[in-house]
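Coordinates in review
Now for the letters of each chain:
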Amino acid sequence: MRYMRKRTSSVLTILSCLLAVPAFAGWQYSGEYLRDGWYVDDGARFVISARGGAAFGGGGVNNEIGGVVVGYYLLPGGEPVTTEYCYLTGGCDGLDFAGYGDLGDLPASKDFEGFSFAAGASIGWTIPHKPQWRIEGGWDHISETDYNSSPMFQGDLSLVEGTVSSAYIQSSSVQSKVSTDVISVMAFYDFFDGLYKPIQQIIPYVGLGVGYADSQTVLNLSDPWVDISAQNEFKVYGVADEDYGLTVFYKSKYNTTNVAGLLAAGLSYGINETMFVDFGVRAMFLPRIKWELSNEDSSKHREFFSAENVFYVNAMLGLRFEF
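Now for a description of the structure that goes with this document. (Residues numbered from 1 in each chain as written. Predicted model: local features only at pLDDT ≥ 70, side-chain atom pairs only at ≥ 80, totals over all residues. Heavy atoms only, no water.)

**A closer look at the pattern of salt bridges**
Counted under the stated rule, the structure contains 15 salt bridges. When the shortest N-O distance is used, the salt bridge between Arg-134 and Asp-190 registers 2.7 Å. Of the two residues, Arg-134 sits in strand β8 (residues 130-149) while Asp-190 sits in strand β11 (residues 173-190), which places them 56 residues apart along the sequence. Both residues of the pair, Arg-134 and Asp-190, count as buried. Among the salt bridges present, the one from Arg-302 reaches Glu-233, with a minimum N-O distance of 2.9 Å. Here the residue Arg-302 occupies a position in strand β17 (residues 301-322), and Glu-233 occupies one in the loop between β12 (202-222) and β13 (238-241), the gap between them amounting to 69 residues. (Salt bridge = Lys/Arg side-chain N within 4 Å of Asp/Glu carboxyl O. Helix = DSSP H or I, 4+ residues; strand = E, 2+ residues; numbered from the N terminus. Buried < 20%, exposed > 50% of the residue type's maximum accessible area, 1.4 Å probe, protein only.)

**A closer look at the packing of aromatic side chains**
Under the definition given, this model contains 16 aromatic pairs. Here the aromatic rings of Tyr-189 and Phe-191 are separated by 5.0 Å at their centres, their planes lie at 75°, and the arrangement is edge-to-face. Joined through ring pairs, the aromatic side chains of Phe-112, Tyr-147, Phe-153, Trp-291, Phe-304 and Phe-305 make up one cluster. In this arrangement the basic side chain of Lys-197 is found over the ring face of Phe-276, its NZ or CZ atom lying 6.0 Å from the centre. (Phe/Tyr/Trp six-rings, centres within 6.5 Å; stacked < 30°, edge-to-face > 60°. Lys NZ or Arg CZ within 6 Å of the ring centre and 35° of its normal.)

**Digging into the sheet that holds strand β4 (residues 69-74)**
Read from one edge of the open sheet, 3 strands run β5-β4-β6, paired in antiparallel fashion. Only two strands of the sheet have a single partner each, and these edge strands are β5 (80-82) and β6 (96-102). Pairs of neighbouring strands in the sheet enclose a mean axial angle of 35°, with direction left out of account. Alignment of β4 against β5, held across 3 bridges, turns out to be antiparallel. In the sheet register, Tyr-72 faces β5, and the bridge partner there is Thr-82. (Pairing = 2+ DSSP bridges. Axes fitted to C-alpha atoms, helices over the stretch in contact; angles between N-to-C directions.)

**Quick word on the nonpolar core**
In this structure, Met-152, Phe-234, Phe-304, Phe-305 and Tyr-312 are the most contacted members of the largest nonpolar core, which totals 48 residues. By residue number, the principal contributor to this core is β17, which donates 6 residues. When near neighbours in sequence (up to four residues on either side) are disregarded, Phe-305 contacts Val-61, Asn-62, Glu-64, Tyr-147, Met-152, Phe-153, Val-174, Ser-176, Leu-219, Lys-290 and Trp-291. (Core = buried A, V, L, I, M, F, W, Y, C linked by side-chain atoms within 4.5 Å. Contact = heavy atoms within 4.5 Å.)

**Quick word on the side chain of Gln-132**
By the secondary structure assignment, Gln-132 is in strand β8. Take Gln-132: its relative accessible area is 12%, and that puts it in the buried class. Looking at Gln-132, its side chain comes within polar contact range of the main-chain oxygen of Phe-192, at 3.1 Å. Those residues in contact with Gln-132 that lie beyond four places of it in its chain are Phe-188, Tyr-189, Asp-190, Phe-192, Asp-193 and Gly-194. (Polar contact = N/O pair within 3.5 Å; in protein donor to acceptor, adjacent residues only side chain to side chain.)

And the structure:
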């Protein structure tokens, strides 16, 4: 009897170990058990990925100053200068008054575009019984892209109450950066037949999604044409330079949030059943990114310019794991 009890105990131990194996397999690959212990894999997988590469961004730049009226005089050679510049360099006696113009009517001298680094990570799941479909929640970071322009605004400006109807005006100089983070939900379709992704073959895919984008802009403004400094409303955004009568503006930071649209296309290559090399291109669309001046403690902001219909195109290489 004692021998029989020991033998029964040993058999139960072995059976427990054997049952643990399919239980572990069930954790890796979800599916269902059929009668007689058979297990059917439904193709569902837990997905995790990381990637890195380069990004190109662009968008049209708009003047957002609006309502800043400046007076201009004409130098002997016909060059327009601001009233403030005229006084700082010896007075306006003997100069013709050209007229008043609104700086908000000047176009930006160039659009926003530039290259930067990009990185991202995702987590998701392949759809049971339809493993060609993946649903992923992801994060993408586009590092700092420069936007520098001097002059910031330039063009023919309409003038009133003076001797000329218009003059070619230049205004402001900026050095700035923008970085963007996008949290997204995307659906991907992998082009393969069957329940399992083929190994050591190239698998094309496409994707579509929507996201929440947070863009931080950093703005350094200078005023070589002495038109912004002369305006009382701008003095709170810097400190006066006593030697030259200009305003030295604070470094300004501002965050713009957007709903972003995303498209993706790429190729993956299965090293084994769980590891895939992934090369993909993601296009992201953001309606607007703003650059604003801020005061010393960032409690007050004023719009200065914006980039409209911004797009980023990221080309990234990464690894994707499917368990």
